[in-house]
Structure formats: C-alpha cells, structure tokens
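# Chains, contacts and geometry: an overview
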Amino acid sequence: MSGLPHQPRLPWLGRLPWLTRLTRLTRLTRLTRSRRVRSLGIACFLSALAAVITGPSGDADHPLAGITGSFAWPRVIIFVAAALGLWVALLGGGHLASRVRALTSRARAAVMPPASMPLAPGGGDGAGPPASAGPFRRIAAPVTGRHGARLGHLALLAVALAVPPALSTAAQQALVGEIGVYALLALGLNVVVGYAGLLDLGYIAFFAIGAYTTAYVTSAEAMPWHAPWQINPFFALPVALVVAAVAGVVLGGPTLRLRGDYLAIVTLGFGEIVQLLANNADGVTGGPRGVFGLPPLSVDLPGVRYSWGLNPLPYYYLLVVLIVLVMVVFGRWERSRTGRAWTAIRQDEIAAEATGVATIRMKLLAFAVGASVSGFAGVVLATKQFFNPQSFGLQASLLVLTIVIFGGMGSRLGVVLGALVLQGTAFLLRDTVPPADRFIYFGAVVVLMMIFRPSGLLPPRRHRALPRQDVPGAPPVPAAAGAGLVGAAVGATAGAGQDSVIAPGAAPGPGPLPAPGASSGSGTVPVPGPGPGAGTGPGVGPGTEPAP
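Report on the accompanying structure. Not measured: the values here are computed from a predicted model.

## Looking at the packing of aromatic side chains
The description of an aromatic ring pair uses the distance of the two centres, along with the angle that the planes make with each other. Evaluation of the coordinates by the stated rule reveals 13 aromatic pairs. Geometrically, the ring pair formed by Tyr-203 and Phe-206 is edge-to-face, given 6.0 Å between the ring centres and 70° between the ring planes. Just as Tyr-203 is buried, Phe-206 falls in that class too. Ring pairs connect the aromatic residues Tyr-195, Phe-330, Trp-333 and Trp-342, which therefore count as one cluster. Cation over ring: Lys-384 sits above Tyr-315, and NZ or CZ is 5.6 Å from the ring centre.

## Considering the nonpolar core
Counting residues in hydrophobic clusters, the biggest one holds 85 residues, and the most contacted among them are Leu-184, Leu-185 and Phe-392. Here the element with the most residues in this core is helix α7 (residues 169-195); it accounts for 15 residues. Ignoring anything within four residues of it in the chain, the contact list for Leu-184 reads Leu-319, Leu-322, Ile-323, Val-326, Val-373, Phe-376 and Ala-377.

## As for the side chain of Ser-298
Locating Ser-298 in the fold gives a position in strand β1 (residues 298-301). We classify Ser-298 as buried; its relative accessible area is 13%. Contacts of Ser-298, omitting those with residues within four sequence positions, involve Asn-232, Phe-234, Tyr-306, Ser-307 and Trp-308.

## Points about the environment of Asn-280
On the secondary structure map, Asn-280 appears in helix α10 (residues 260-280). Residue classification places Asn-280 among the exposed residues on the basis of a relative accessible area of 55%.

## Comments concerning the packing of helix α8 (residues 204-218) against helix α15 (residues 359-384)
Interaxial distance between α8 and α15 falls to 7 Å at its minimum, and their mutual angle equals 50°. Here α8 is positioned oblique relative to α15, judged by the angle of their axes. The handedness of the crossing between α8 and α15 comes out as right-handed. Seen from α8, the contacting residues are Phe-206, Phe-207, Gly-210, Ala-211 and Thr-214; seen from α15, they are Ala-371, Ser-374, Gly-375, Ala-377, Gly-378, Val-379, Leu-381, Ala-382 and Thr-383. Grouping the amino acids of the contact of α8 with α15 by side-chain chemistry returns 8 nonpolar, 6 polar and no charged.

Cut-off values and rules
By convention here, each chain's residues receive numbers from 1 onward along its written sequence. Local features are withheld for residues below a pLDDT of 70 in this predicted model, meaning they are given only at 70 or higher, and side-chain atom pairs are given and counted only at 80 or more; totals for whole chains, interfaces and linings count all residues. Where side-chain values are given, they derive from all heavy atoms of the structure, hydrogens and water being excluded. Whether two aromatic rings pair depends on their centres lying within 6.5 Å, for rings of Phe, Tyr and Trp, where Trp uses its six-membered ring; planes under 30 degrees apart make the pair stacked, over 60 edge-to-face, and the rest tilted. Accessibility here uses a 1.4 Å probe with only protein chains present; expressed as a share of the type maximum, an area under 20% marks a residue as buried, one over 50% as exposed, and anything in between as partly exposed. Two limits define a charge over a ring: the Lys NZ or Arg CZ must be within 6 Å of the ring centre, and within 35 degrees of the ring normal. The nonpolar core is taken to be a set of buried Ala, Val, Leu, Ile, Met, Phe, Trp, Tyr and Cys residues, with the residues joined through side-chain atoms within 4.5 Å. Each helix is a run of H or I in the DSSP string that is no shorter than four residues. Each strand is a run of E no shorter than two, and both are numbered from the N terminus. Only heavy atoms matter for contacts: two residues are in contact if any of them lie within 4.5 Å across the pair. Lines are fitted to the C-alpha atoms to define the axes, a helix being fitted only along its stretch in contact, and any angle between axes, read from their N-to-C directions, falls within 0 to 180 degrees. Roughly parallel here means an angle under 35 degrees, roughly antiparallel means over 145, roughly perpendicular means 65 to 115, and every remaining angle is called oblique. Crossings are assigned a handedness: left-handed for a near helix turned anticlockwise from the far helix by less than a right angle, right-handed for a clockwise turn. Note on residue categories: nonpolar means Ala, Val, Leu, Ile, Met, Phe, Trp, Tyr, Cys or Pro, charged means Asp, Glu, Lys or Arg, and polar means any other residue, Gly included.

This is the structure in structure tokens:
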C-alpha cells in the first residue's frame, strides 16, 4: 500500500462526546442482539414476574409494599437462582431440541416405510404395511399415521368421558360452565378467526342472542317478553341456531368491505350494542336483574321421562356430544371446497377474489356458521344457570379470542385444549389466589405461550399436496407446471374474447397457449421470456402486437 498517500491521524476525533456516545450505543446494540443476552433478559423477566405474583400484596397506604416485599432478601436469592437455571435451560434448549428432532426422525424412519416403498403388499395402494417391512414396522403400522391420530382422539374422548364422575361437584360445575361452554364458543370463533382470518371482537353477542332466544321460547315467567307458546328446551337448540346464524349474517352484511382493525372495531361495537340493549330493555329482557327459572333440559317420550335437574354431569356429557359433533362437521368442512375458500381468503383476499373465490358469500357463511355454534352454547347456559347482561361483556369476548389464539388458530382440538388449560388454571387458582391477582397468572401463562410456542398449543397441520409422480401410474409433472397453470388462468381471464399476445413465463410446454374466446383465424406472437412456456393475456410490453 505504499502507493497511497499517507492518511494523517485525527486524535481530536476521539474526543468528540457525541461520537463516544454513538460508539457505546452501537456496542450496546450488538450486545442486545446476542442470543445469550436475550435469553438472560427473558429469564430475568419471568423470574421477576413470578416473584411479584407470589409475593405479598400492597394496600392504599403502602402501594409499593408488595413490590418491595416480593424482592426482600430471603426471597430474592431463590428467584435469582431460578432465573439463572432458566437461562441455562434456554441456552441448552436449542441443542436439546436438535437432539430430540434427530431421535424423532430416526424413530419415524424405523416405524414408517420409505416413500419409495409401496404402501401395501403387491404394490397396491392399501393401508397395510409392505411385505418387506421389518417386524417393528408391521407391529407399529396400526398406531402410526392416520390410524394413530384416530386412536389418539378416541383415547382423549375416553378420558373425557371417564374422569369427570371421579371429580368433586365444584370441578364438575367448572367443566360445564367454564370449560365446556367456552370450548364450544372457541370452536365457533375458530371458524371466523382461524379459518377465514376475520378478526371478530363482538362474538360473545351471538352467545347472548342464543341465551335470550332460549328464554323467550321455553318459559313464560323468565322474561317479561315471551312467546305465546313454550317448547321443550331441546327444541330450542335449532331455534337458537337459526336466530344466531341470522344475526351473524346481519353483522357480516355491512362489514363485507372492511378488513383488519376496521372490522374488529365494527364487531366490537356490535357486541357492545347487544349488551346495552339487553341491559336497558327492561320490558323485553328483564334488564340488569337477569334471567332465571328456565325449565331444565328434559326428555319426554312415551315411557321415558328424564330431567337434567341440578346435576352437572348430564350437562357435561351433552356438551361433549355437541363438541364432538361440531369438530367432526368442521373437520369435513375444512377439507371441502368451502374450507379451501376460507383458507384462500385468510391468506390473501384479493388473490382469492381474482382466482374466482366468492369472497362475499364465503365471509357471510363464516359469520353465520360461527354464530350458530354460539347459539348452541347459549342454550346450555340458559337452561343450566342464571345469567344477566354482565355475562356477555367485552371481557368474555376477549377470553374466547384468547382461547382460540392460545390453542392454535385453525386447530379444532387445539382450541378445546386451550379452553381446558386456561379455564382449568383459573379454577385451580380460585381457592389459593385472591381474585385481583388471578389475571396476573392468566397473563403469565399467555406470555409464556407466546414466547415459546407462538403458533399455539396445538397448531393445525398444514396439508401438503403430494407430487403427481408419487401417485402410482401418474405421469411426472414439470417443475414450472404449477406456475404455468396460474399464468394461463390469469391470462385467460384478462384476454378472453380478444386476440392475445403471449406473456413471458407462464403455461407449461414449449408452445404458446391461446386465450379462450380468441378468433379461430387469429394467431399469437410469442414474447421471449425465462419461462418454459407462455401464458395468455393482452399484449403488454414493447413490440408486442397480435398477429394478422
């Protein structure tokens, strides 16, 4: 470097205060980007949160007594040690997770047959293990894949049916009023938020509509305004379903053009309007004194008469039946054309509409289906216990939304487990934690979940389409075929009914693909492009024009 001129040193540059502060800030920024420092901060925050939660409470005269008492000398050592232990666990979590993934992949390779091996003896497409599979694979074949998932669901259902009779009456009441009802509500909101991607903050309003509809058609004394005839509460189930679905369409109609935060604000206003109407319409709903005295669910058949009464177990088993029925129906719906349309709207509504999805009809259907499920929950609530307009506040709506996000948006089993974990935690803390401090635990559980598993407790499985060459007897598909078909569809939509010029890089195959509707005598002029073929559409670009 002798050819370069000598650069004089500038000792005064290091004495500038702003430059020194900038250098320190840069070093601090680099330090905070370190994974170890971030893990230490998370561990310290969680340990401090646990210290505050489990510490003493302050009062009006000494508001900071709880904070100072939480970090007193004997206690602070325990929580500092807990923070250091959690930090070490977080640092080693990545290595441990990689080891677990490696062991899981090895176990899966030992159990499942290779992809190139036929699925049934003789090369068919049956469900049995191949003849060349080892004994361990043949033994484990019935409990892996789809059969294993079904066995797991049946095992969970058996536990849900067998455990409640052994619990206390208070726990059974919590299973009905706090876990089962909110699991059913979360399944309904999961259609709107998880499937269609529409943020609804007023979902609890449909719950109120279902409950008040049940009171209107089943009792002449529960509310000032009642039907001229009364029906069995079981027959109120379809009535509440239809009324709540109509309310969902009424809410979805004016909000079809809204998205994101604007849709959330409108639905929030709808929920508040329904609660205020129920609270102020004394001559219709009974106002703030609430609704009580509804007849319980009962079966009145020739020779058979059974009333649910005050025992919570029959209501629990009814909720289990409703939840399983809703999960099965939604599972079928998710794999149908309607479910795929909801998925397209959730991912990109503009692209879904451009590809022919009836977005308006699908969004209205999502609102109606989600609202109808909350009508079921309203019937169970109305026939089981007392309720008033305060039961349908904003806090309840946000709780249902939290359950959906916590369990996993789009996952049916996930939202049920989310209701069990969150509402079960609230029940366990009922006798040990003061009411003012329960939300701290609730928030801590949600914060931990969002840090370590942001996709939810049990996120939905993303179904991947298999390549055509994996299907026996199907011809292979070129790599660019998928993109070519999309380009051809878009070009055909744009250039229908006119002579078209080939756009670069779309349809599969070496030759151009004319637009549908073009005249039989017209030709197409190919435009060079990087793709293997061409899509159709109107001429865009310099030097492109229809052939004579």
